[in-house]
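# Working through the structure, step by step
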Amino acid sequence: MANERSESVVDKYPQNCVNVLLSFGLKQNDQALDLGCGQGNQMQQLAEIGINNVTGIDVNPDNLPTDNMVVVADWNKMPFKENIFDCAYMFSSPLSESSSEKYSEVSRVLKPGGIFIYDDIVFEELMRTHTLRESQLTEEKVIPLQEDADGNQITIVQESFLEEKSHKRLIKVRTYNRGDLVFSDDYSSTVKSLDQHRSGLLPFGFEYVGVVTIHQESKDNLLEPRTFLKFIKTS
C-alpha cells in the first residue's frame, strides 16, 4: 500500500515547486514532462541544478521559452510515444472540463512506475486554514493600507466562506479607498476533496501516494493553501 504523507510548508510560490519535485522523487537523469509549461520557469530552475532532460508542452506558442525542449501542442493529444517519461508534472494549469482526456494521455506517455505530480486547492487542506464559525468555515484577511496603480491609498478585505456539505468556496473581496468602498466582487467555486482526486485518477492506472501543502503568497499578499499531489502509474 502506498505511504501517505502530508505536511505544510509556508513559503512563496512557485519557488518551492522544484523542491516538491525533488522530494517526490524526481532524479537527475529522469525524463520529465512539464505539462502546460508556459514560460518554462520550472524547466529553467531544474536546469540550474543539473536536471536537463525535461520536455515542455504548451498550447500557446507565444509564451514558450526558446532555450528549452518545448513542443507546441494540446496535451489532450500529445505527440509522444507510449511509456517514455519517468515523471510528468503540472503546476497552475487547470484540470477541469477535459480532465479525463488529460489523465488518459499522461498515463499513456508515462512509464510503468512513473510519477504524476500536480497542484490544486484540496478541500481538506483548505479547511485546515479556516476558522470554524456557525457551521461554515470562514476567514477574513485584511491587506494593510497600500497604494494602487493610480497612487490611491487602499485597503483590501477578503472574506472566504467554505460550505462543508457542498464543497463550495465563496469569496467576497472589498476594496476601500480611505474608508470608502470603491470595488466589490463575489465569486464561488467547487473545491475537490482528496477522495475525489484519488477516484478521478484511479481509472487511468494511478495510485495515490501523498501530498505536500504550501501556503503560497499571492500578488495581494494573501496566503493561499496550494496542495501538491503525487500519484504513481501502476498499470
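Residues numbered from 1 in each chain as written. Predicted model: local features only at pLDDT ≥ 70, side-chain atom pairs only at ≥ 80, totals over all residues. Heavy atoms only, no water.

## Section: the overall build of the chain
The cut-off we apply is this: Numbering of helices and strands starts at the N terminus; helices are DSSP runs of H or I of at least 4 residues and strands are runs of E of at least 2. The classification of residues rests on relative accessible area computed with a 1.4 Å probe and restricted to protein chains. Under 20% of the type maximum is buried, over 50% is exposed, and intermediate values are partly exposed. Throughout, a residue-residue contact means that at least one pair of heavy atoms, one from each residue, lies within 4.5 Å. Shrake-Rupley sampling with a 1.4 Å probe provides the accessible areas, and residues are treated as covered by the protein chains on show and by no other component.
When its secondary structure is counted, the chain shows five helices and 13 strands. Burial status across the chain gives 45% buried among its 235 residues. In the chain, of all internal contacts separated by at least 6 residues, the share reaching a separation of at least 24 is 59%. As displayed, the chain offers around 12,500 Å² of accessible surface, 47% of which is attributable to carbon and sulfur atoms.

## Examining the confidence of the model for the chain
What counts, and what does not: As a per-residue measure, pLDDT reflects the predictor's confidence and takes values from 0 up to 100.
Per-residue confidence for the chain averages 78 on the pLDDT scale, and 70% of its residues sit at or above 70. By mean pLDDT, the top-scoring element of the chain is strand E5 (residues 85–90) (96), and the lowest-scoring one is strand E7 (residues 131–133) (39). The low-confidence segment residues 1–11 (pLDDT under 50) makes 35 contacts with residues lying over four places distant or belonging to another chain. This model gives residues 131–138 a pLDDT under 50, and the stretch forms 19 contacts once residues within four places in sequence are excluded.

## Details of the pattern of salt bridges
Should the charged atoms of two oppositely charged side chains come close, the side chains can pair. Where we set the bar: In the sections that follow, a salt bridge refers to a side-chain nitrogen of Lys or Arg positioned within 4 Å of a carboxyl oxygen of Asp or Glu.
For the structure on display, the rule yields three salt bridges. Across the pair Lys111 and Asp86 runs a salt bridge whose closest N-O atoms are separated by 3.2 Å. Residue Lys111 is found in strand E6 (residues 110–120), and its partner Asp86 is found in strand E5; the two are separated by 25 residues along the sequence. Asp86 sits in the partly exposed class, given a relative accessible area of 21%. Glu105 is the salt-bridge partner of Arg108, the closest N and O atoms lying 2.8 Å from each other. Of this pair, Arg108 and Glu105 both sit in helix H3 (residues 99–109), three residues apart, which is roughly one turn of the helix. Residue classification places Glu105 among the buried residues on the basis of a relative accessible area of 10%.

## Examining the packing of aromatic side chains
The cut-off we apply is this: Geometry of aromatic contacts follows a simple scheme: Phe, Tyr and Trp rings, the Trp one being its six-membered ring, pair when their centres are within 6.5 Å, and the pair is stacked under 30 degrees between planes, edge-to-face over 60, tilted otherwise.
Tallying each qualifying case throughout the model produces eight aromatic pairs. Their ring planes at 75 degrees and their centres at 5.3 Å tell us that Phe91 and Phe228 sit as a pair that is edge-to-face. Taken together, the positions of Phe91 in the loop between E5 and H3 and Phe228 in strand E13 (residues 223–233) put the pair 137 residues apart, joining distant regions of the chain. Given a relative accessible area of 7%, Phe91 falls into the buried group. For Phe228, a relative accessible area of 0% translates into the label buried.

## What to know about helix H5 (residues 194–201)
As a reminder of what qualifies: Here the arc refers to the directions that run from the helix axis out to each C-beta atom.
If you check which residues of H5 are buried, you get Leu194, His197 and Leu201. Relative to the axis of H5, the buried residues are bounded by an arc of 65 degrees and lie together on one face.

## Quick word on the nonpolar core
Side chains of a nonpolar character, in soluble globular proteins, are inclined to be buried together. Quick reminder of the rule: Take the buried Ala, Val, Leu, Ile, Met, Phe, Trp, Tyr and Cys residues and link them wherever side-chain atoms come within 4.5 Å; each set so joined is a nonpolar core.
Ranked by internal contacts, the top residues of the largest apolar core, which has 25 residues, are Leu33, Leu35 and Phe116. Contacts of Leu33, omitting those with residues within four sequence positions, involve Thr55, Ile57, Met78, Phe80, Phe85, Cys87, Ala88, Tyr89 and Val109. Leu21, Cys87, Val212 and Phe228 belong to the second-largest nonpolar core, a separate cluster that totals 21 residues.

## With respect to the pairing of strand E2 (residues 32–35)
Convention followed: Strand pairing follows a simple DSSP-based rule, namely that at least 2 bridges must link the two strands.
Burial of E2 is two-sided: the residues Ala32 and Asp34 facing one way and the residues Leu33 and Leu35 facing the other way are all buried. Sheet analysis places E2 next to strand E3 (residues 54–58), joined by four bridges and oriented parallel. Looking at the pairing, Ala32 lines up with Val54 of E3.

## Some details on the environment of Tyr176
Of note, Tyr176 is situated in strand E10 (residues 168–177). Counting along the chain gives 21 residues from Tyr176 to Thr155, while the straight-line C-alpha distance between them is 5.1 Å.

## Here we look at the side chain of Ser193
By the secondary structure assignment, Ser193 is in the loop between strand E11 (180–190) and H5. Once residues within four sequence positions are removed from consideration, Ser193 is found in contact with Val122, Phe123, Glu124 and His167.

## Topic: the environment of Thr190
When you line up the elements, Thr190 lands in strand E11. For Thr190, a relative accessible area of 52% gives the class exposed. Here the alpha-carbon distance between Thr190 and His167, two residues 23 residues apart in the chain, equals 5.7 Å.

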